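Spelled out, the chains give:
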Amino acid sequence: MDSVSFSRTEWSLTSEAFARFLVCLDPDSERAGEKYESVRLMLLKFFDWRGAHFPEECADETINRVIRKIDEGETIRDIPTYCHGVARMILLETLKRAENRRADIEEVSQLELAAPEPDDPRQECFNHCLREPPVESRQLIMQYYQDEKRAKINNRLVLAERLGID
């Protein structure tokens, strides 16, 4: 979590604390695992849909905070709902940070976009490596890495469907 820092006080996730969390989700370990994945997916969607810069880190932090509460003896009756409430607080925390602040159009127009250096060895290496595969593979690589965020996900879904990958 290099880009996002949440830690308030010293506490670290232990296997025992995580096991207690899973038991709170469901006493049956298989169903608990399924519920864990369901809660994590719900959190990922929550943060992604609300424009969090690092949805995975935010979802993990949410789960860690809930596990910490359980580890400290708090009784939580409805974990998915509780996680949603914690996620809302984490989202507010992340949106307050200066690096997550949205820039005004006037600010953006004043920013200089740095063009890559013409003698950049990384760019030369990239261009050289991209000449190696056949044209079809090269196009596939370029399509795979184009766009950002949701557009990238949608693009990859279309590529997978076109290639017959489930």
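Shown above is the structure to which this text applies.
Quick caveat, the model's predicted, so the values are computed rather than measured.

Engineer: Go over the overall build of the protein, please, and point to the residues and values.
Structural biologist: A count of helical and extended segments in the protein gives 8 helices and 0 strands. Scanning the protein from its N terminus toward the C terminus, one meets helices and strands in the order α-α-α-α-α-α-α-α. In the protein, which comprises 166 residues, the proportion classed as buried is 23%. Considering only residue pairs separated by 6 or more positions, the protein has 52% of its internal contacts joining residues 24 or more positions apart.

Engineer: Can you lay out unusual backbone geometry for me, pointing to particular residues and giving the numbers?
Structural biologist: Among all residues save glycine, negative phi is the norm, and among peptide bonds the norm is trans. At D147, a residue that is not glycine, the phi angle is positive and equals roughly 70 degrees. Relative to the helices and strands, D147 resides in the loop between α7 (135–145) and α8 (149–163). One non-glycine residue, K149, lies in the positive phi region at around 55 degrees. Turning to its location among the elements, K149 is positioned in helix α8.

Engineer: An account of the packing of aromatic side chains is needed here, citing residue identities and associated values.
Structural biologist: Evaluation of the coordinates by the stated rule reveals 4 aromatic pairs. Aromatic pair F18 and F21: ring centres 6.3 Å apart, planes at 35 degrees, arrangement tilted. Here F21 and F18 lie together in helix α1 (residues 15–25), a separation of 3 residues that amounts to about one turn. Considering the side-chain rings of F18 and Y36, the 5.5 Å spacing of their centres and the 85 degrees angle between planes classify their relative orientation as edge-to-face. Linking F18 in helix α1 with Y36 in helix α2 (residues 29–49), this pair joins segments that are 18 residues apart in sequence. One aromatic cluster is present, built from ring pairs that chain together F18, F21 and Y36.

Criteria and thresholds
- Residues numbered from 1 in each chain as written.
- Predicted model: local features only at pLDDT ≥ 70, side-chain atom pairs only at ≥ 80, totals over all residues.
- Heavy atoms only, no water.
- Helix = DSSP H or I, 4+ residues; strand = E, 2+ residues; numbered from the N terminus.
- Buried < 20%, exposed > 50% of the residue type's maximum accessible area, 1.4 Å probe, protein only.
- Contact = heavy atoms within 4.5 Å.
- Phe/Tyr/Trp six-rings, centres within 6.5 Å; stacked < 30°, edge-to-face > 60°.

In short, geometric facts, not functional conclusions.
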